[in-house]
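# Report on the structure
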Amino acid sequence: MKRYALHLVSLLGLALTMASVIPQRAAADDDDPPGRVARLGFVRGNVSFEPAGTEDWVAAVINRPLTTGDKLWNDTDSYSELHLGSASIRLGSTTGFSFLNLTDNMTQVQLTEGTLNIRIRRLGDDETFEVDTPNLAFTLLRPGNYKVNVDEAGDATVVVVRDGQGEVTGGGSAYTIHPQETGTFNGTDQIDADIESWDNSSDDFDEWCSERDRRIDNSVSARYVSNDVIGYEDLDEYGGWRQTPEYGTIWFPHVAVVGWAPYHYGHWAYIAPWGYTWVDDAPWGFAPFHYGRWVVVGGVWGWVPAPPRPVVVGVAYVRPVYAPALVAWVGGPHFAVGVGVGGGFAAGVSVGWFPLGPREVYVPSYHVSRNYVNNVNVTNTTVNTTVVNNYYNTTVINKTTVTNVTYVNQRVPGAVSATTPQAFTSAQSVSRNAVTVNAREVATAQVVATTPAVAPSRQAVLGAGATSAVRPPATLQARAVVAKTAPPPPPPSFAKQQQAIQANGGKPLAISQMHQIQPEPSQTRAAVKIAPPAKPLATQAKGVQPNVNRPITPNNPNTTNNAVNKGGTPPVTNTNNKSYTDRPPSSRPNTPANTPNTGNAANNTKTVNPANTNPQLDQKHQQQLQDLRAQQDLERQKVEQQQQNDKAALAKKAADDQAQQKLNQQHQQQLEDLEKKHDAEEAKLKQQQQAEKKAPPKPAAKPAKDDKPPKKDK
């Protein structure tokens, strides 16, 4: 009996232990930040940006990661482009845009005025993509190409579905828009809908979007890197891929700066909930600094990418997880790592870091779960999960430092970048505020995996953009939108965040901590109205198909055709003779996993203007560009190898500093001349290709009437 009682007590203790552990693990998973962001990858004209939690508009800077609460404004004749992995969002002229919610499976954007072009290549069963406008919410149900326009008054929305399928919700009704259809919706509380066939029309903004889509469709880099890596489409123009024995195919950037090293030309911005985030200056500088690893091969820096999607169906695949910066931090008496407790730096110190190499573990400085640490590493490099767990237990759980690690890039000349604490915490240029470091001290310095714990200044949140006078009108900023899905409360103000970060020892706030300082529910989302549920479908006679373009109305025999004048559901014009069933049975149509995606801008462009397209000619031109860039990569490789040999020969002779400086200038001039030559070659080739496109096609030769088949010899 006593043994039974002891056994019962032990079981109860185990149950209580599990009960206390399980909620903690669930809470930790809820505190994990999203595994993706949106990248601002292109800006033309006057584009302004307002970070979440601030009320300051600054000039938009490329490569800035955007997330929930961030806002953009395109002024007159201005374009901008965002990428979210498998989705592209392009903003036209005089467009007000913001993210109401951006997570791993939810993209909810707000369009108060202007034009959006959205191209989705993949849409998972658990993913939702919603565009909220002043009079309706538009849910994108399939991969495809979409266009949404809101007029200046905010009481009319036009939705164009070139490819894909979507659903409009507003005014208590729901409408399905199928491929090659255009829906015009007027009114706010009550919508007057008109859905008809798309007339294949296009404007300058459409042509620009199609051109940007072709860059993605024809990208060579998609062969070597996962197409869920944000920003990979810019790698083709600014570098080349080369096979290496140890690391496989590596991307090498084309740079004209002698001694160039990653994480040196850019600035640190503070973006919640990740904390300090690297924003690179290069037009290609997003994917190589938030995914994969860096390594030196033959004296030249190369980027080892995140592995591409597996071709074999059924192979496990985890979408690459975004990281704010894949670096390790240098500690020691002259560096600030480990001394920024409570939101401040010690006097006379600098902040130093270097890029992580292949198979080296990235440890987040923000609050995460063990599962997150595994995913952010295994999706970005080849690393043993046992090693990852060791790092997690040591640095995250026990708050100590892993000391038995030799970092491959720590002793590479020029790999360590350093700047002042003032530049680090106020988004100033690292290259213009660089601090010279002692190579011997760096080689033996302690390495800390996590970012220095220091509260950011307001400028760190605003980033490197200058204060902008270009901003949306006040009436537009206060304009309410209709949402089908209730968005989360807006992020807390920066003042509240800064105070909480200082109380947190300078460490970034967890998601749960952010929720605690958010505004009261009565003060949140005053500018978002939840759309009323759609009315039930009217009863149809057996065998009669309902009109898909008519809003769903209750079965009321007293309803007449003049319902608009009586305050009922407005009529809808349907000029499309296509036969469809009504709304999908669920919020997302069933799309087989292996069904090829036809929703791309290239197909759309052929439909818009078939006279100006030639698939064979486009393929030929694309191959010509690829061959030219491959030849240029070989030339560059020879020049870089020769430069390395020159440096080695000079080192053997122990030449003085003046000779070294002269050699560096010579190498710099060689690289600049090579860049000019390559630019001229590509410009000449593109000019020839444009001439070929403009030239009229040669008519096929017809056989002469007098021509007769030859007689057979007897």
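Parameters and conventions
Residues numbered from 1 in each chain as written. Predicted model: local features only at pLDDT ≥ 70, side-chain atom pairs only at ≥ 80, totals over all residues. Heavy atoms only, no water. Buried < 20%, exposed > 50% of the residue type's maximum accessible area, 1.4 Å probe, protein only. Helix = DSSP H or I, 4+ residues; strand = E, 2+ residues; numbered from the N terminus. Arc of directions from axis to C-beta. Contact = heavy atoms within 4.5 Å. Salt bridge = Lys/Arg side-chain N within 4 Å of Asp/Glu carboxyl O. Core = buried A, V, L, I, M, F, W, Y, C linked by side-chain atoms within 4.5 Å. Pairing = 2+ DSSP bridges. pLDDT = per-residue confidence, 0-100. Phe/Tyr/Trp six-rings, centres within 6.5 Å; stacked < 30°, edge-to-face > 60°.

A few words on helix H10 (residues 494–503). Regarding H10, the residues found buried are Phe-494, Gln-497, Ala-500 and Ile-501. Summarising the axial view, the buried residues of H10 lie within an arc of 130 degrees, below the 170-degree limit, and thus occupy one face. Projecting away from the buried face of H10 at angles above 90 degrees are the exposed residues Gln-499 and Ala-503. Buried residues in H10 make contact with strand E20 (266–271), helix H8 (458–462) and helix H11 (511–516). At the exit of H10 stands Gly-505, carrying a positive phi of roughly 75 degrees.

Counted by the stated rule, this structure contains 16 salt bridges. Across the pair Glu-50 and Lys-71 runs a salt bridge, and its minimum N-O distance is 3.7 Å. Residue Glu-50 is located in strand E2 (residues 47–50), and its partner Lys-71 is located in strand E5 (residues 71–74); the two are separated by 21 residues in the primary sequence. A salt bridge links Arg-359 to Glu-246, with the shortest nitrogen-to-oxygen separation between them at 3.7 Å. Taken together, the residues Arg-359 in the loop between strand E25 (351–355) and helix H4 (370–378) and Glu-246 in the loop between strand E18 (239–244) and strand E19 (248–253) connect sequence positions 113 residues apart.

Here the focus is the nonpolar core. Within the largest apolar cluster, 72 residues are counted, with the highest numbers of intra-cluster contacts made by Tyr-263, Trp-268, Trp-278, Trp-284, Trp-294, Trp-303 and Trp-353. Per element, the largest residue contribution to this core is four residues, and it comes from strand E24 (residues 327–330). When sequence neighbours within four positions are dropped, the list of residues in contact with Tyr-263 reads Trp-278, Pro-288, Phe-289, Trp-294, Ala-325, Leu-326, Val-327, Trp-353, Pro-355 and Ser-417. Grouped together as the second largest cluster of nonpolar side chains are 40 residues, Leu-72, Leu-123, Leu-140 and Val-168 included.

This next bit is on the side chain of Asp-206. Locating Asp-206 in the fold gives a position in helix H2 (residues 204–217). Residue classification places Asp-206 among the buried residues on the basis of a relative accessible area of 6%. Each residue touching Asp-206, except ones within four places of it in the same chain, is listed here: Lys-147, Arg-162 and Ser-201.

We now examine the environment of Gly-45. Topologically, Gly-45 is positioned in the loop between strand E1 (38–44) and E2. Taking the relative accessible area as the measure of exposure, Gly-45 reaches 52% and is therefore exposed. Spatially, the C-alpha atoms of Gly-45 and Ser-93 are 9.3 Å apart, while their sequence positions differ by 48 residues. Not counting residues within four places of it along the chain, the set of residues in contact with Gly-45 comprises Asp-77 and Ser-78.

With that settled, consider the sheet that holds strand E26 (residues 417–419). Read across the open sheet, the four strands follow the order E26-E25-E24-E27; overall the sheet is antiparallel. Strands with a single pairing partner mark the edges of an open sheet, and in this sheet they are E26 and strand E27 (447–448).

One face of the sheet, then the other: side chains in a regular strand alternate in exactly this way. The buried count for strand E14 (residues 166–170) comes to five of five residues, which makes it a mostly enclosed element. Side chains of E14 alternate between two faces, with Gly-166, Val-168 and Gly-170 and Glu-167 and Thr-169 buried alike. One ladder, built from four bridges, connects strand E11 (residues 137–140) with E14; its direction is antiparallel. Counted as the bridge partner of Ala-137 is Thr-169 from E14. The pairing of E14 with strand E15 (residues 173–177) spans five bridges and is classified as antiparallel. Paired with Thr-169 across the two strands is Ala-174, which belongs to E15. What sits between E14 and E15 in their antiparallel hairpin is a turn of two residues, with Gly-171 showing a positive phi close to 65 degrees.

A cis amide bond links Ala-272 to the next residue, Pro-273, at an omega of 5 degrees. As for its position among the elements, Pro-273 is in the loop between E20 and strand E21 (275–280). Of note in this structure, Thr-94 is not a glycine but carries a positive phi near 45 degrees. For Thr-94, the position within the fold is in the loop between strand E7 (87–91) and strand E8 (95–102). Of note, Tyr-263 is a non-glycine position whose phi angle comes to about 60 degrees, a positive value. Residue placement: Tyr-263 occurs in the loop between E19 and E20. The class for Tyr-263 is buried, based on a relative accessible area of 1%.

Averaged over every residue, the pLDDT of the protein is 79; the share at 70 or more is 74%. A low-confidence stretch, residues 1–28 (pLDDT under 50), is modelled with two contacts involving residues beyond four sequence positions or located in other chains.

Our focus in this paragraph is the pairing of E11. Both faces of E11 are covered, namely the face carrying Ala-137 and Thr-139 and the face carrying Phe-138 and Leu-140. Between strand E10 (residues 128–132) and E11, which follow one another and run antiparallel, lie four residues.

Once that is clear, we can look at the packing of aromatic side chains. For any pair of aromatic rings, the description rests on two quantities: the centre-to-centre distance and the angle between the ring planes. In total, this model carries 29 aromatic pairs according to the counting rule given. Judged by centre distance (4.9 Å) and plane angle (35 degrees), the ring pair of Tyr-224 and Trp-241 falls under tilted. With Tyr-224 in the loop between H2 and E18 and Trp-241 in strand E18, this residue pair connects regions lying 17 residues apart in the sequence. Since its relative accessible area comes to 17%, Trp-241 is described here as buried.

Secondary-structure assignment places His-678 in helix H14 (residues 657–694). When its relative accessible area of 3% is taken as the criterion, His-678 is described as buried. Between the C-alpha atoms of His-678 and Arg-636, which are 42 residues apart in sequence, the distance is 9.8 Å. Not counting residues within four places of it along the chain, the set of residues in contact with His-678 comprises Gln-632, Glu-635 and Arg-636.

Next up on the list: the side chain of Ser-98. Within the secondary structure, Ser-98 is located in strand E8. If we skip the residues at most four places from it in the chain, Ser-98 touches Asp-70, Lys-71, Gln-108, Val-109 and Gln-110.

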